[in-house]
Amino acid sequence: MCQIFAGQDPQRYQSTTRRLRLNGHSTSIRLENSFWAILDEIAATEGVTTPAFLSRLHSEVLELHGEPVNFTSLLRCACLVFIETGRRGGVAMAAE
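Being a predicted model, the structure only gives us computed values, none of them experimental. Position numbers for residues start from 1 in each chain and track the written sequence from start to end. Note on the predicted model: pLDDT of at least 70 is required for a residue's local features to be given, and 80 or more for side-chain atom pairs to be given and counted; whole-chain, interface and lining totals, by contrast, use all residues. Side-chain descriptors were evaluated using all non-hydrogen atoms of the structure, hydrogens and water having been removed beforehand.

Peer 1: Can you walk me through the overall build of the protein chain in this structure?
Peer 2: Each helix corresponds to a stretch of at least 4 residues labelled H or I by DSSP, and each strand to a stretch of at least 2 residues labelled E; elements are numbered beginning at the N terminus. On a plain count of helices and strands, the protein chain comes out with five helices and two strands. Going from the N terminus to the C terminus, the protein chain shows its helices and strands as α-α-β-β-α-α-α. Burial status across the protein chain gives 26% buried among its 96 residues. Residues are treated as being in contact if the distance between any of their heavy atoms lies within 4.5 Å. Partitioning the contacts of the protein chain with sequence separation of at least 6, the portion at a separation of at least 24 is 43%. Only the protein chains shown count as cover for residues, and the accessible areas themselves come from Shrake-Rupley with a 1.4 Å probe. For the protein chain, the computed accessible surface area is about 6,300 Å², with 56% contributed by carbon and sulfur atoms. Relative accessibility decides the category of a residue: with a 1.4 Å probe and only protein chains considered, values under 20% of the type maximum give buried, values over 50% give exposed, and everything between is partly exposed.

Peer 1: Whenever I open this one, the layout of surface pockets confuses me. Can you help?
Peer 2: Rolled over the atoms, a probe as big as a water molecule pinpoints where empty space is left. A pocket, in this scheme, is an open set of points on a 1 Å grid over the protein atoms alone with protein on both sides within 12 Å along at least 5 of 7 lines, while a cavity is a set where a 1.4 Å probe fits but cannot get out; residues line either one if an atom lies within 4 Å of a point. Grid points are joined across faces, edges and corners, and a volume is the space filled by probe spheres set on the points. Quantified by volume, the second largest pocket comes out at close to 190 Å³. What lines the second largest pocket is a set of eleven residues, among which Arg12, Ser34, Phe35, Ile38 and Ile83 lie closest to the centre. Of all the elements, helix H3 (residues 33–46) adds the most residues to the lining of the second largest pocket, at five residues. Three categories are distinguished: nonpolar for Ala, Val, Leu, Ile, Met, Phe, Trp, Tyr, Cys and Pro, charged for Asp, Glu, Lys and Arg, and polar for the others, with Gly belonging to the last. In terms of residue class, the lining of the second largest pocket is built from six nonpolar, two polar and three charged.

Peer 1: Help me out: how do you make sense of the environment of Ile29 in this one?
Peer 2: Along the polypeptide, Ile29 turns up in strand S2 (residues 25–32). Counting along the chain gives 13 residues from Ile29 to Thr16, while the straight-line C-alpha distance between them is 8.2 Å. Discounting chain neighbours no more than four positions away, the residues touching Ile29 are Thr16, Thr17, Arg18, Leu20, Trp36, Leu54, Phe71, Thr72 and Leu75.

Peer 1: For this particular structure, what's the right way to read unusual backbone geometry?
Peer 2: Excluding glycine, residues mostly have negative phi values, and the peptide bonds linking residues are mostly trans. Positive phi values are uncommon outside glycine, yet Asn23 reaches one of about 50°. Mapping Asn23 onto the fold places it in the loop between strand S1 (15–22) and S2.

Peer 1: Just to check I follow, could you spell out the pattern of salt bridges for this structure?
Peer 2: Where side chains of opposite charge bring their charged atoms close, a pairing between them can arise. We count a salt bridge whenever a side-chain nitrogen from Lys or Arg sits within 4 Å of a carboxyl oxygen from Asp or Glu. The tally for this structure, following the rule as stated, stands at four salt bridges. Arg18 is the partner of Asp40 in a salt bridge, and the nearest nitrogen-oxygen pair spans 2.9 Å. One end of the pair, Asp40, is in helix H3; the other, Arg18, is in strand S1, and 22 residues separate them in sequence. Residue Arg18 is classed as partly exposed on the basis of its relative accessible area, which comes to 27%. Among the ionic pairs, Arg76 bridges to Glu32, the shortest N-O distance being 3.1 Å. Here Glu32 lies in strand S2 and Arg76 lies in helix H5 (residues 71–84), a separation of 44 residues in the sequence. Of the residues examined, Arg76 reaches a relative accessible area of 22% and is grouped as partly exposed. Residue classification places Glu32 among the partly exposed positions, given a relative accessible area of 21%. Via salt bridges that share partners, Glu46, Arg56 and Glu60 belong to a single interconnected network.

Structure follows, in structure tokens:
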């Protein structure tokens, strides 16, 4: 039963840290490679770089809810929303 999960390529769940600027502030974010691939896909669909997408997302979260307690968890959940809503291949994000 678990072969599909246990048998996956370990590279998918290896973590990678990326250094970037979120709205002018230098930071680093550590996520599993599978999540980075989805975030890269979302950003490409939006026609922006991944750091630009993450900055926009962070700004919108700040505006809606204040500073997120755990931004990396928010990113993982954003990836799940992207998959669950069937948005792969065509995300329609709110205009800036």
